[in-house]
Amino acid sequence: MRSIPLTFCAVAVAAATLMPASAALANSDSDHEDSRSRATLSVSPSSIAPGGEVDLEVDGCKGKEAKGNSDAFVSEARFSPGDDRTLFAEARIRSDAEPGDYDVQVVCKDDKHTKVSAVLTVIHRDRPMPVAPVRAGGGGTAVLAGQAAQQDGPGTVHAVIGLALAAVAAVAVAFRSARRRRPAAD
C-alpha cells in the first residue's frame, strides 16, 4: 500500500529535477538570436511557396526603424514600430525563387546597428501534396510520400526525459521488490 505514494513522490521529484534541465536544453537550440544582442527575429510562416508573403517581427531593437534583406525577397523589407520594442514588416517572396533555405538579415537603426537573422525555407508545390500518403506506389504521389516520411525523430530533450523516467521507474520497482523480500516481524 505504501509503494504507490512512494512511486508518485519519486516521479514528482524526478520531474521537478528535470524540468529546469529540459528548459535549458530547449533554449540552447535558439538560432534566431544574435549572440551580441537580445533582439530576436521571427518569420511567419517559416516555409512558403514562391510569390507568397511572410510576416517579419523583430523584438528587442532599441530604435524605431529596421531594414530586412534576403535573396528570397522581391525587395528590401522596411519595418514599422509596433508595441514596446517590436517592429513589423511584410515581405513578398520572388516568384522565381528556387527551393531551399534563405538567410533573412535585419539591421536595426539604433546606436549599435543591432543585427539579427533567421532562416526562411522556400518550397515548391507544383502538385497537391497528399495529407497522409500510403507507401504503395501511386504514380506521382510516391515521390511526395518519400519526402513527407523523412521526418526528424525525438531530440535530445526527449531522450533525456525518457531516460530519467526509466531510471525513476527502475528505482521504484527495486524499492518495492526489497520491501516484499523482508520477513514480517511478528
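Everything that follows concerns the structure shown earlier in this document.
So, how was this worked out
- Residues numbered from 1 in each chain as written.
- Predicted model: local features only at pLDDT ≥ 70, side-chain atom pairs only at ≥ 80, totals over all residues.
- Heavy atoms only, no water.
- Salt bridge = Lys/Arg side-chain N within 4 Å of Asp/Glu carboxyl O.
- Buried < 20%, exposed > 50% of the residue type's maximum accessible area, 1.4 Å probe, protein only.
- Patch = residues over 30% accessible without salt bridge, like charges linked within 9 Å, V, L, I, M, F, W, Y side chains within 5 Å.
- Areas by Shrake-Rupley, 256 points an atom, 1.4 Å probe, with all protein chains shown as cover.
- Lys, Arg positive; Asp, Glu negative; His and termini not counted.
- Charge placed at Lys NZ, Arg CZ, Asp CG, Glu CD.
- Helix = DSSP H or I, 4+ residues; strand = E, 2+ residues; numbered from the N terminus.
- Contact = heavy atoms within 4.5 Å.
- Pairing = 2+ DSSP bridges.

Q: Any chance you could explain the pattern of salt bridges here in plain terms?
A: Side chains that carry opposite charge are capable of pairing whenever their charged atoms lie near each other. One pass over the structure, following the stated rule, counts three salt bridges. Residues Arg78 and Glu76 are paired through a salt bridge, measuring 3.3 Å at the closest nitrogen-oxygen approach. By relative accessible area, Arg78 is classed as exposed at 56%. Since its relative accessible area comes to 31%, Glu76 is described here as partly exposed.

Q: Got a minute to help me understand a negative patch on the surface in this structure?
A: Negative charge collects at one region of the surface, where Asp55, Glu57, Asp59 and Glu90 lie side by side. By residue number, the principal contributor to the negative patch is strand E3 (residues 53-59), which donates three residues. Judged by its relative accessible area of 54%, Glu90 is exposed.

Q: What's the story with the environment of Val122 in this structure? I'm lost.
A: In this fold, Val122 is placed in strand E9 (residues 115-122). It is 5.2 Å that separates the C-alpha atoms of Val122 and Ile48, two residues lying 74 residues apart in sequence. Dropping the residues within four chain positions of it, Val122 is found in contact with Ile48, Pro50, Ala72, Ile93, Ala97, Glu98, Pro99, Gly100 and Tyr102.

Q: Can you walk me through the sheet that holds strand E7 (residues 86-92) in this structure?
A: Ordered in space as E1-E3-E7-E6, the four strands form an open sheet in which the pairing is antiparallel. Pairing within the sheet leaves two strands with one partner each, and these edge strands are strand E1 (40-44) and strand E6 (80-81). Two elements, E6 and E7, share two bridges in a ladder whose sense is antiparallel. Note on E7: the bridge partner recorded for Pro81 is Leu87.

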